[in-house]
Amino acid sequence: MSIPSRTVGEVIARRREANDIIVSTMSAMRWLYELSPSPLNLACVPLMGGAAGLGLGLALARPDRRVLVLDGDGSLLMQLGSLATVAGQEPSNFIHFVFDNGVWFEGGADLKIPAAGKIDFAAIALATGYHKAHRYSTLTSLETDMETLLQQPGPTLIHIDVDDSRSERGPWSRDNPQGEIPDSQLTRMGDEARTVMQALREYDADDVTHSKEI
Amino acid sequence: MSSDKFAVPASEILRQLELCQITDVVTVPDYVQISVHRSLAEGKMPDTRVIQCSTENEVITVAAGLYIGGRRPIAIMQNQGMYASLNALRAVGLDARLPLLLLVGQFAREFSNLGHDPKTSSRALVRNTERLLDALEVPYFRLESATDAPLISKAQELCLEREGPVVVLVGAHTGWD
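Every value quoted in this text rests on a predicted model; they were computed, and no experiment measured them.

So, how was this worked out
Residues numbered from 1 in each chain as written. Chains lettered and ligands numbered in written order. Predicted model: local features only at pLDDT ≥ 70, side-chain atom pairs only at ≥ 80, totals over all residues. Heavy atoms only, no water. Helix = DSSP H or I, 4+ residues; strand = E, 2+ residues; numbered from the N terminus. Buried < 20%, exposed > 50% of the residue type's maximum accessible area, 1.4 Å probe, protein only. 1 Å grid on protein atoms, 1.4 Å probe; cavity = no way out; pocket = protein on both sides within 12 Å on 5 of 7 lines; lining within 4 Å. Points joined across faces, edges and corners; volume = space filled by probe spheres on them. Nonpolar A, V, L, I, M, F, W, Y, C, P; charged D, E, K, R; others polar. Pairing = 2+ DSSP bridges. Axes fitted to C-alpha atoms, helices over the stretch in contact; angles between N-to-C directions.

Student: Can you tell me about unusual backbone geometry, naming the residues and giving the values?
Tutor: Residue P46 of chain A is reached from V45 of chain A by a cis peptide bond, and omega for that bond is -15°. Within the fold, P46 of chain A resides in the loop between β2 (41-43) and α3 (51-61). Of note, the bond from G154 of chain A into P155 of chain A is cis; its omega dihedral lies within 30 degrees of zero at 5°. At A115 of chain A, a residue that is not glycine, the phi angle is positive and equals roughly 55°. Mapped onto the elements, A115 of chain A comes out in the loop between β6 (111-112) and α6 (121-128). With a relative accessible area of 40%, A115 of chain A lands in the partly exposed category. The phi torsion at A108 of chain B lies on the positive side, around 70°, for a residue other than glycine.

In structure tokens form, the structure reads like this:
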């Protein structure tokens, strides 16, 4: 069984708090900006494998905020050791979602990742020292638990079996080839990083002002 | 032959890190800088957090996350690690244009090359390190003796000014004093 990726996004977006920082990559990025726009969204692109590290750095820098990482299965496989790196630091504000669709290039080519369908990321996370890890393949159970998952001290890994949403972009072919990568895809992470930095500075400045007023 | 004459003392490197107001050392340990790692482990910079990573790719991305979150990290790794983390360096440093200060040891540099141009090393790993950085247009500085230590501060100024990575290459085993 699996849950549509966008539906998972809706569940997360409904419970996202304004102060949460979200680092996303791959398929999760496609709906995040529509469902939960925020100056605290950071796309890890084009850098498969980088989301967990980027999120960890942010979580350690800002223990006053939750950091949600929306990772992909193929992406996490590229830096599987990052689970140990995260666990070693024990960030209580770190929540790591893994969207497991079993493929690279979802919808466009659907090429199976190694050991597709066999990897239990939740078990691996617990084995490396994550405080909590869970796996979900039904919407009902995910919705029931989501509030608790987001509130409990981390690091927490949430492995979600998602479908590959074939209908969204259609398979690439001679008549429907993959598109050119625009400049924005290469500069996006930096642009959003600077937006996050500005938002954090403004928040900190407001916080200081508010403290003085008190 | 020993490398002592060319060694930068660990104490001097730590002093430079303090001058740079480094808040976090993000690392996969460097054989060349063992004395620096030992000093950090002994608490010689108690206000600086040391974050061990599983790969040098993570060193780059964790350091980037720390910077975005308002911290002042430095990445410490071997030349081999720099080779391994090229894609992360490209994404974070060149495309995203985030400042990143790296201290990279020239692992496996033969002692007979010390005092000479590292690009003339007989070992491909060593002689190509700078060539790789040249190809990526990443500026670098060489630490070849104790008097070069202030280049770390200069490197930090440059990485903030240019909004990109700057590498400080540690040419010889750091000293134990």
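Student: Can you lay out the layout of surface pockets for me, pointing to particular residues and giving the numbers?
Tutor: All names here are of chain A. Of the volumes computed, that of the second largest pocket is approximately 170 Å³. The wall of the second largest pocket is formed by twelve residues, among which S2, D100, N101, G102 and V162 lie closest to the centre. For the lining of the second largest pocket, the class distribution of residues is three nonpolar, four polar and five charged.

Student: Hey, could you go over empty space enclosed by the protein for me, with residue numbers and the actual values?
Tutor: Throughout the structure, instances matching the rule amount to two cavities of 30 Å³ or more. Counted as a void, the largest cavity has a volume near 40 Å³. Considering the residues around the largest cavity, the lining is formed by V32, Q106, A108, R109, F111, L114, G171, A172 and H173 of chain B. When its volume is computed, the second largest cavity comes out at roughly 30 Å³. Taken together, G49, G50, G53, Q79 and S82 of chain A together with N57, E58 and T61 of chain B form the lining of the second largest cavity. When grouped by side-chain class, the residues that make up the lining of the second largest cavity number no nonpolar, seven polar and one charged.

Student: Requested: an account of the sheet that holds strand β1 (residues 24-27) of chain B, with residues and values cited.
Tutor: Residues and elements named next belong to chain B. Strand order in the open sheet formed by six strands is β2-β1-β3-β4-β6-β5, and the pairing between neighbours is parallel. For this open sheet the edge positions go to β2 (49-52) and β5 (140-143), each flanked by a neighbour on one side alone. Each neighbouring strand pair of the sheet contributes to a mean axis angle of 20°, computed without reference to strand direction. Where β1 meets strand β3 (residues 73-78), four bridges bridge the pair, whose relative direction is parallel. Paired with D24 across the two strands is P73, which belongs to β3.

Any functional reading would require information beyond the geometric quantities listed.
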